[in-house]
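Secondary and tertiary structure notes
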Amino acid sequence: MSVTEDALARMPHKGTMLLIERVERMEAGRISCLARDHCTPDYPLRVGSRLMSVALVELGAQAAAAHASVHGIAGAHTGLLLSLRGVEVLLAEADGIAAPLAIEAGRIETTEAGAHYRFTIEGEGRKMLKGEAMLSMQAVGR
């Protein structure tokens, strides 16, 4: 299993709630991911039949958690999204975006107890959402 595959395997999210399909690139301070399932009618972030871009903060948080599991806490983890800062919704609805979503997350700070990341979500070359996420993370088995 590659480091990028291992990052997703370490996530506490399973099944349909693991929203990131693939890690494209991972470096010491940054991760790039792809997500494709947002067009499906049963996508878990939909409210009724609509997918509002603001719900995609979960993609940013999952990308950050995947990165921190490799470059922070170094293992499988449990986690909780503690806070969001500076979130800007640049495209109100995600329903018109058919192409895969590109998720970028850059580490601001990682400690043993958590992680702080800046993230952006893009689709079809258009920025949809950006902001910062603070995660509480604890390695499994501690």
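A quick note: this is a predicted structure, and the numbers were derived from the prediction, not measured.

**Looking at the environment of Glu88**
You can see Glu88 is positioned in strand 3 (residues 77-89). For Glu88, a relative accessible area of 39% gives the class partly exposed. Sequence separation between Glu88 and Lys130 is 42 residues, and the spatial gap between their C-alpha atoms is 5.4 Å. Not counting chain neighbours up to four residues away, the residues in contact with Glu88 comprise Met128, Leu129 and Lys130.

**With respect to the pairing of strand 5 (residues 114-123)**
Counting buried positions over the 10 residues of strand 5 gives 8, a clear majority of the element. Between strand 4 (residues 101-110) and strand 5, which pair antiparallel and follow one another directly, the connecting turn spans 3 residues. With 10 bridges connecting them, strand 5 and strand 6 (residues 126-139) associate as antiparallel partners. Across the sheet, the residue bridging to Arg118 is Glu132, located in strand 6. Between the antiparallel neighbours strand 5 and strand 6 lie 2 residues, among them Glu124 with a positive phi of about 55°.

**Let's talk about a nonpolar patch on the surface**
Taken together, the side chains of Val54, Leu81, Leu84, Val87 and Val89 present a nonpolar region at the surface, about 340 Å² in accessible area. With respect to the element layout, Val87 can be found in strand 3. Overall, the relative accessible area of 32% leaves Val87 in the partly exposed class.

**Digging into the pattern of salt bridges**
Counting across every chain of the model gives 10 salt bridges. A salt bridge links Arg46 to Asp95, with the shortest nitrogen-to-oxygen separation between them at 2.7 Å. Residue Arg46 is located in the loop between strand 2 (30-35) and helix 2 (57-71), and its partner Asp95 is located in the loop between strand 3 and strand 4; the two are separated by 49 residues in the primary sequence. Judged by its relative accessible area of 15%, Arg46 falls in the buried class. Note that Glu88 and Lys130 form a salt bridge whose closest N and O atoms lie 4.0 Å from each other. Here the residue Glu88 occupies a position in strand 3, and Lys130 occupies one in strand 6, the gap between them amounting to 42 residues. Assessed through its relative accessible area of 30%, Lys130 is described here as partly exposed. Each of Glu21, Arg22, Glu24 and Arg36 takes part in a single network of salt bridges with overlapping partners.

**A few points about helix 2**
It helps to recall that an α-helix has 3.6 residues per turn; residues three or four apart then point in one direction. For helix 2, built from 15 residues, the straight-helix expectation of 21 Å at 1.5 Å per residue is met to within 8% by its first-to-last C-alpha distance of 21 Å. Along helix 2, 13 of the 15 residues are buried, which leaves the element largely enclosed by surrounding structure.

**Some details on unusual backbone geometry**
The phi torsion at Glu124 lies on the positive side, around 55°, for a residue other than glycine. Relative to the helices and strands, Glu124 is located in the loop between strand 5 and strand 6. Under the relative-accessibility criterion, Glu124 is labelled partly exposed at 42%.

About the cut-offs
- Residues numbered from 1 in each chain as written.
- Predicted model: local features only at pLDDT ≥ 70, side-chain atom pairs only at ≥ 80, totals over all residues.
- Heavy atoms only, no water.
- Helix = DSSP H or I, 4+ residues; strand = E, 2+ residues; numbered from the N terminus.
- Buried < 20%, exposed > 50% of the residue type's maximum accessible area, 1.4 Å probe, protein only.
- Contact = heavy atoms within 4.5 Å.
- Pairing = 2+ DSSP bridges.
- Patch = residues over 30% accessible without salt bridge, like charges linked within 9 Å, V, L, I, M, F, W, Y side chains within 5 Å.
- Areas by Shrake-Rupley, 256 points an atom, 1.4 Å probe, with all protein chains shown as cover.
- Salt bridge = Lys/Arg side-chain N within 4 Å of Asp/Glu carboxyl O.
- Expected span 1.5 Å × (residues − 1).

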